[in-house]
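Coordinate inspection notes
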Amino acid sequence: MPRKPFVGGNWKSNGTIESAKTLCASLNSGAAAYRNKVEAVVCPITPQISLVNKLVRKSPMKVGAQNVSASKEGAFTGEVSAGQLKDSGIQWTLIGHSERRTKYGETDEVTAQKIEQCQEAGVSVIFCIGELLEEREAGKTDDVNKRMMDAVYGKIKDWKKVVVAYEPVWAIGTGKVATPEQAQDAHAAIRKMISSAVSEEVADAVRILYGGSVTPENCKDLIDKPDIDGFLVGGASLKPTFTDIIAACVPAIPLKKPKFMKVDGVEPAARGVNFFGKVVKAPTKVEGSEDLMEVVVGDDTAIVTLSVRGDRVKVCEVGKTVRVQNAHVSMIKGFIRVAVDKWSALKPAEEEVASVNEKKDMSGVEYELTNN
Ligand code: PGA
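Our subject in this report is the structure included herewith. Note that the structure is a prediction, hence the values are computed from the model and not measured.

1. Section: the overall build of the chain
The secondary structure content of the chain amounts to 11 helices and 16 strands. Here the chain holds 372 residues, and 41% of them are scored as buried. Counting contacts in the chain only where the partners sit at least 6 residues apart, residues at least 24 apart contribute 70% of the total.

Take a look at the structure:
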């Protein structure tokens, strides 16, 4: 199972009610680009959690806390317990963020207690780890990550409720992002650690996010790395373009390519053929027909000529990808014609066909067009 990408937005101690409202409006309008494809959570300041929860309720965005108590509820002034988060409908919290570790003395032991509380209450955790600059320079990145991970294994019973965020401290809020290679190396090492300490299955399934000066510009090269499953974003999560970072994590969908199989002596005749193709030539009129147009579409396997009723050529702009559904394949004058009749659909597609193999024209040969 591929891992579902995950993006967290950490608003830290920023913003007002007004700015939260503006930001939520852009979170809502950018939601279509990643709905069902990327899991996303924003963590506002505590007094805004329920407001933000309400404001984004129609989007797939979830709302999390930035911190949680290491204790249960009781006489702990200023603390909010995992059970209380759960009771307020909050499903996520950050734990072990470097600012909590370095500025508020959160030790490995405390992170372990907090994770234990969350596991008991059923609250999911974004568990942050990462090295300081001097630790990286001393070649201790993996040792630090291992120490931080080792502290919590014993407390985790349900790994489905844990996401790990690798955030090199020198990259947080500094504009100095780790290179995709640096991040990939650290992520691969963390996954290996989890595999030895817990199991290969857990290591394969757990999402490991990168955090530290992530922007819409630099996120694309990072997400391409095999062990980077998303991001924890600080500064850039306060901007309307935060949803661009989430959208960049939508996995590329393998195209359902038309497959042209040579079957000697078989007349190509089929119905219900579905495929994606990029329009490579502007529609031209079919000779001798009043309302039929010819459109050439293709992908990197081949091109094929499509017969389309005139009223459907609207979507056939050169360069656009079209989704052909339930097309009819027939032989006309010795040429294959993939016809889009009134029972078929021809729509612009969300998926993009990257390249087209114009040299391989399958329209004029005896091939069977299959839809798998
Ligand atoms: P940044 O913060 O994106 O502003 O560097 C990341 C974080 O603190 O999680």
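More follows now that the structure is in view.
2. Side note on the environment of Leu-94
Considering the arrangement of structural elements, one finds Leu-94 in strand β4 (residues 92-95). Along the sequence, Leu-94 and Ala-165 sit 71 residues apart, while their C-alpha atoms lie 9.4 Å from each other. Setting aside anything within four residues of it in sequence, one finds Leu-94 in contact with Asn-10, Cys-43, Gly-64, Gln-66, Asn-67, Ile-126 and Cys-128.

3. Remarks on the site of the ligand
In the neighbourhood of the ligand, 13 residues make up the surrounding shell, with Ile-172, Gly-211, Ser-213, Gly-234 and Gly-235 lying closest. Counted by class, the shell around the ligand contains 5 nonpolar, 7 polar and 1 charged residues.

4. Here we look at the sheet that holds strand β3 (residues 62-65)
Strands sit in the order β1-β2-β3-β4-β5-β6-β7-β8 around a closed barrel of 8 strands; the barrel is parallel. On average, adjacent strands in this sheet sit at an angle of 25° to one another, irrespective of strand direction. The strands that helix α5 (residues 108-121) touches are β4 and β5 (124-129); relative to β4, the one it contacts most, it runs at about 170°.

5. Re helix α8 (residues 180-197)
Counted at 1.5 Å a residue, the expected span for α8 with its 18 residues is 26 Å, and the 25 Å between its end C-alpha atoms agrees. Those residues of α8 not exposed but buried are Ala-183, Ala-186, His-187, Ile-190 and Ile-194. Mapping the buried residues of α8 onto a view down its axis gives an arc of 100°, with all of them on the same face. More than 90 degrees from the buried face of α8, the exposed residues found are Glu-181 and Ser-196. Considering only its buried residues, α8 is in contact with α7 (141-153), β6 (162-166), α9 (200-205), β7 (208-211) and α10 (219-223).

6. Regarding the nonpolar core
Counting 70 residues, the largest nonpolar core has Phe-127 and Val-164 as the members making the most contacts within it. With near-sequence residues (within four places) excluded, Val-164 lies in contact with Phe-127, Ile-129, Ile-190, Val-206 and Ile-208. The next biggest cluster of nonpolar side chains, apart from the first, holds 20 residues, and it includes Val-279, Ala-302, Leu-306 and Val-322.

7. Here we look at the packing of α7 against α8
Between α7 and α8, whose axes approach to 10 Å, the crossing angle comes to 35°. Both α7 and α8 take part in a crossing whose hand is right-handed. Facing Thr-141, Asp-142, Asn-145, Lys-146, Met-149 and Tyr-153 of α7, the residues of α8 in contact are Ala-186, Ala-189, Ile-190, Met-193, Ile-194 and Ala-197. Considered class by class, the residues forming the contact of α7 with α8 number 8 nonpolar, 2 polar and 2 charged.

8. Looking at unusual backbone geometry
Even without being a glycine, Lys-12 presents a positive backbone phi close to 50°. Along the chain, Lys-12 turns up in the loop between β1 (6-10) and α1 (17-29). By C-beta crowding, Lys-12 is classed as partly exposed, having 18 other C-beta atoms within 10 Å.

9. Digging into α5
Taking 1.5 Å of rise per residue, the 14 residues of α5 would be expected to cover 20 Å, and the 20 Å separating its terminal C-alpha atoms lies within 8% of that figure. Within the sequence span of α5, burial applies to Thr-111, Ala-112, Lys-114, Ile-115, Gln-117, Cys-118 and Gln-119. Among the residues trailing α5, Gly-122 stands out with phi positive, at a value near 80°.

10. Focus on the environment of Asn-14
By the secondary structure assignment, Asn-14 is in the loop between β1 and α1. A sequence separation of 224 residues divides Asn-14 from Leu-238, and the C-alpha atoms of the two residues are 8.4 Å apart.

11. Topic: the pairing of strand β12 (residues 303-309)
By the criterion of burial, β12 is predominantly enclosed, with 6 of the 7 residues buried. Between strand β11 (residues 292-298) and β12, which follow one another and run antiparallel, lie 4 residues.

12. A look at the packing of α5 against α7
Between α5 and α7, the shortest axis-to-axis distance is 8 Å and the interhelical angle comes to 40°. Relative to α7, α5 is oriented oblique. The hand of the α5/α7 crossing is right-handed. The segment α5 lies against α7, with Asp-108, Glu-109, Thr-111, Ala-112 and Ile-115 engaging Arg-147, Met-148, Ala-151 and Val-152.

Each value, and the rule that gives it
- Residues numbered from 1 in each chain as written.
- Predicted model: local features only at pLDDT ≥ 70, side-chain atom pairs only at ≥ 80, totals over all residues.
- Helix = DSSP H or I, 4+ residues; strand = E, 2+ residues; numbered from the N terminus.
- Buried ≥ 20, exposed ≤ 12 C-beta atoms within 10 Å, placed from the backbone.
- Contact = placed C-beta atoms within 7 Å.
- Near = placed C-beta within 6 Å.
- Nonpolar A, V, L, I, M, F, W, Y, C, P; charged D, E, K, R; others polar.
- Pairing = 2+ DSSP bridges.
- Axes fitted to C-alpha atoms, helices over the stretch in contact; angles between N-to-C directions.
- Expected span 1.5 Å × (residues − 1).
- Arc of directions from axis to C-beta.
- Core = buried A, V, L, I, M, F, W, Y, C linked by C-beta atoms within 7 Å.
- Left-handed = near helix turned anticlockwise from the far one by under 90°.
- Parallel < 35°, antiparallel > 145°, perpendicular 65-115°, else oblique.

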